[in-house]
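# Results of the structural survey
For reference, the chains in residue letters:
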Amino acid sequence: HIRESYNLIREYEEILRTSDRPKEKTRARRNTEEQWALIEGYLDEYLPLCQRMGSLIAPDIQEIAVRFEKETEQQASPQAEAPGRDTKYSIQIKHAEGIAIGDQARVVQTPASNRVSGSSDRTLRMARRTLEIPEEQAAGYTHLTIPTHLQIELEEKRRQVAELASRLDTLPSGESHSGSRMRGNPSPTAASQKPPGPIQNRWALLVGVNRYVDPAFPPLKFCVNDVLALESALKTLGYTVVALHDDASEERLLPTRDNVEAELTRLCQVAGPDDLIWVHVACHGKLVDGRAVLVTRETRASTLARKALPLAEVEQVMRGSQARRLVLTLDACHTGVEVGRDLADPEFIRNVHEMAEGFALIAASTAQQIAQEWAEKEHGVFTYYLLEGLSGQADRKDKRFVTVGDLSAHVLDGLRRWNVEHGGLLQEPTARVEGLGDIILADYRGNAPSIVEPAGNPIAPNPFGDVGRIVAPDRFFDREDLLRQIFEELTKGANLSLVGESQVGKSSLLSMICALGPERMGLPEEAFGYLSMQWVDSEDGFYEALCDALGIETCRGYQLHRALRGQRCVLCLDEIEKMSWEGFTERLRSQLRGLADGPSMPIRLVIASRSPLSALFPDSPELDSPLAGICRPIDLGSFSPKITRAFINDRLYDTGVIFTEQEITTLLEKTGGHPARLQRAAADLYNAKRGA
């Protein structure tokens, strides 16, 4: 990991040396900072581990550690540290006499007199440096207008810095600030337990209960939908999934307490030390004598205290497994974690992902709140954002994987936005994380791992079940005629409004415009920007997001017009409905129109919405909406029967699975060719036929 991060740094430094694109250089600078922060976390774990194991340190790792120290000093002070002076890492990779051993260095115990006073200060300076980026971003906002996700990040990083400073003040003078033992015998735990390796197998148990035997528990609408969608998504990501829900065809897969306990115990028994177990439950939750319990299908109100499934029991069974990566997500009422968001020791925040281990619980609400369902999306609100995050949207730093931390932040941000959008209904997700690092839940860096049957025959990952916005062109299907039409209109200087029902593919189409546009229109990549209003909470926030998407310094009004003079940009604007909220004015829409109205203007707009712009923004009873007046509407509908058949055959190619004509006809009748519903239904059919 140290080498991978350092190679990325060298690539970013090459961009900084050669690129003349401000947006590209800004991203490279930020990415370089993040990779150095990761390297520090890796070194803080790796070097003490080598000491305990008596292992050798490769010369290139020594060089990286020394360069890291120099980078830290240069950032903290204009004068570099005096040549030859030992630093935090150099004293760990030298012999007691200060001489390297052969071509490689062995970590040895170092006399206390050789320790450098002030190494703790350098670590604290690095932590403060990671705080500078969100502080710079927040500087342009007032307390009332700062975006929610930025405020959360800022508060979290400030907390981490404050805790690190407090902890360093209380450390004994002879102890390394990283928390690792630099002297004496290694800890018994560290010596006796083998460090975890990369994840070998991913196991998931999903439980969804809509209907209850006892009428005292009102039926829910979308818990089964949640489980089916999550099952499809996780199987695509290489998980082996057991799903218990009301519509199951087998008695053993109905969501009763006995079945939940039996399947959970079975998974925990088969999982190995390097495996991951994920349990997700969507049902009613209750508090009984201060204890959170899950209401399974057969639970009765009169015997709730004795018959409901205690949340503590689920956690206990999971902890009894050999698996060292455990994740529990709960879309149920009254299952929150009262310790709040104060999750992990700061020294672990930057730790490795692949080798992460521990227990993570993410709950849909606090112990005093009710988890909500979302009729429009046909999912629980919590699970909807969970699915959205797993699709890749939680990966905001383009790591090509999603971790527990990523998913928790994405769900938290989504639920807070939902609270505002739906009249202030309070549903605040909570979390608890124990252990080292940040467990990877969804990995897109290579092909999804194959699932292996007991007989050893490989099973191809489910080719259906894409959830959320599709950003990879190889996963986007058809719409070629529509894309051709869109690029032709944009080339002529037109602005477009894509109108279609929820989850019909509008966001994915915007992504394809950004991905394919440079080649189709002969414009540079930075000429295309994607802006989702779901991350924007104010007009100030909109201008910041707009300028970031277009690669220019934040500005507005005439300064914005001047900054874009002579440019040709395509702005793909998603979730435009949010611009109808209180706080977004007709003036903002008029200014946006001014940047796009006419062939000489710098911006071409492609706007996605569920309703026509004229209906969304009735700014005046006499006039059309400023945006509707310049945007040509394009209706985005479901797949035709012909395209639906082509899509199914394309996805099934080379899988060894065939859908009969009757099965395809049934899929058409059931889904109407709606892309999201078709994906879910086809994924279920594929799993059923594969299992058979």
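The preceding data block contains the structure.
These remarks concern the structure in this document.

Cut-off values and rules
Think of each chain on its own: its residues are numbered from 1, step by step along the sequence as written. A pLDDT threshold of at least 70 governs which residues receive local features in this predicted model, and a stricter bar of 80 or more applies before side-chain atom pairs are shown or counted, although totals over entire chains, interfaces and linings include all residues. The basis for every side-chain value is the complete set of heavy atoms in the structure, and neither hydrogens nor water enter the calculation. Starting at the N terminus, helices and strands are each numbered in turn, a helix being any DSSP run of H or I of at least four residues and a strand any DSSP run of E of at least two. Computed with a 1.4 Å probe, the accessible areas rest on the Shrake-Rupley method; for each residue, only the protein chains presented here act as cover. Two strands qualify as a pair provided DSSP detects at least 2 bridges between them. Lines fitted to C-alpha atoms define the axes here, with helix axes fitted over just the stretch in contact, and angles between the N-to-C directions of these axes take values from 0 to 180 degrees. Each angle gets one of four labels, with under 35 degrees taken as roughly parallel, over 145 as roughly antiparallel, 65 to 115 as roughly perpendicular, and the rest as oblique. Note on convention: near helix rotated counterclockwise from far helix by under a right angle means a left-handed crossing. Clockwise means right-handed. Note on contacts: a residue pair qualifies if any of its non-hydrogen atoms lie within 4.5 Å across the two residues. The classification used treats Ala, Val, Leu, Ile, Met, Phe, Trp, Tyr, Cys and Pro as nonpolar, Asp, Glu, Lys and Arg as charged, and all other residues, Gly among them, as polar. Three labels apply to residues, based on accessible area from a 1.4 Å probe with only protein chains included: buried if under 20% of the type maximum, exposed if over 50%, partly exposed otherwise in between. Whether two aromatic rings pair depends on their centres lying within 6.5 Å, for rings of Phe, Tyr and Trp, where Trp uses its six-membered ring; planes under 30 degrees apart make the pair stacked, over 60 edge-to-face, and the rest tilted. To form a nonpolar core, buried Ala, Val, Leu, Ile, Met, Phe, Trp, Tyr and Cys residues must be joined to one another through side-chain atoms within 4.5 Å. In this description, one arc is meant: the one made by directions from the helix axis to the C-beta atoms.

Right, let's talk about the overall build of the chain for a bit. Each helix and strand in the chain was counted, giving 22 helices and 22 strands. For the chain, the accessible surface area stands at approximately 31,700 Å², while carbon and sulfur atoms represent 50% of it.

Here we come to the sheet that holds strand β7 (residues 291–295). Within a sheet, neighbouring strands are paired by backbone hydrogen bonds and run either parallel or antiparallel to one another. Judged by pairing direction, the sheet is antiparallel, and its 3 strands sit side by side in the order β6-β7-β8 without closing on themselves. Every interior strand has two partners, whereas the edge strands, β6 (284–288) and β8 (309–310), have only one. Sheet topology places β6 next to β7; 5 bridges connect them, and they run antiparallel. Note that in β7 the partner of Val 288 across the bridge is Arg 291.

Turning our attention to the packing of helix α8 (residues 257–270) against helix α10 (residues 311–319). Contact geometry for α8 and α10: axes closest at 9 Å, N-to-C directions at 20 degrees. With respect to α10, the axis of α8 lies roughly parallel. For the crossing formed where α8 meets α10, the hand is right-handed. Contact residues: α8 offers Arg 257, Glu 261, Leu 264, Thr 265 and Cys 268, while α10 offers Glu 313, Val 314, Val 317 and Met 318. Classifying every residue of the contact of α8 with α10 gives 5 nonpolar, 1 polar and 3 charged.

Relative to the helices and strands, Ser 232 resides in helix α7 (residues 223–236). For Ser 232, a relative accessible area of 1% gives the class buried. Contacts of Ser 232, omitting those with residues within four sequence positions, involve Phe 464, Gly 465 and Ala 683.

So, on to the sheet that holds strand β21 (residues 603–609). Strand order in this open sheet of 5 strands is β19-β20-β21-β18-β22, and the pairing throughout is parallel. The open sheet has two edge strands, β19 (528–532) and β22 (631–635), and neither has a second partner. Averaged over all neighbouring strand pairs, the angle between strand axes comes to 20 degrees, with direction disregarded. Pairing of strand β20 (residues 569–574) with β21, which is carried by 5 bridges, proceeds in the parallel orientation. Following the sheet pairing, Leu 571 is matched in β21 by Leu 605. Against the sheet, helix α15 (residues 506–521) touches β18 (495–499), β19, β20 and β21, its axis set at about 170 degrees to β19.

Counting buried positions over the 7 residues of strand β9 (residues 325–331) gives 7, a clear majority of the element. Burial of β9 is two-sided: the residues Arg 325, Val 327, Thr 329 and Asp 331 facing one way and the residues Leu 326, Leu 328 and Leu 330 facing the other way are all buried. Note that strand β5 (residues 276–282) and β9 share 7 bridges and pair parallel. Pairing of Val 281 across the sheet is with Leu 330, part of β9.

Our focus in this paragraph is the packing of aromatic side chains. The final tally for this structure, using the stated rule, is 12 aromatic pairs. The structure contains a cluster of three or more aromatic residues connected by ring pairs, namely Phe 464, Phe 477, Phe 639, Phe 647, Phe 659 and Tyr 686.

For soluble globular proteins, nonpolar side chains are generally found buried alongside one another. The biggest cluster of nonpolar side chains holds 40 residues, and the ones touching the most others in it are Leu 205, Ile 277, Val 279, Leu 294, Met 318 and Leu 328. Mapped by element, the contributors of at least two residues to this core are β3 (202–208), β4 (239–245), α8, β5, β7, α10 and β9. Excluding anything up to four places from it in sequence, Leu 205 contacts Val 242, Leu 244, Val 260, Glu 263, Leu 264, Leu 267, Trp 278, Val 279 and His 280. Counting residues in hydrophobic clusters, the runner-up holds 34 residues, among them Ala 204, Val 227, Leu 407 and Val 411.

All right, on to helix α21 (residues 661–671) then. Where α21 is concerned, the buried positions are Ile 664, Leu 667, Leu 668 and Thr 671. The buried residues of α21 occupy one face: seen down the axis, they fall within an arc of 100 degrees. Among the exposed residues of α21, those oriented more than 90 degrees off its buried face are Gln 662, Glu 669 and Lys 670. Gly 672 lies just past α21 and shows a positive phi near 65 degrees.

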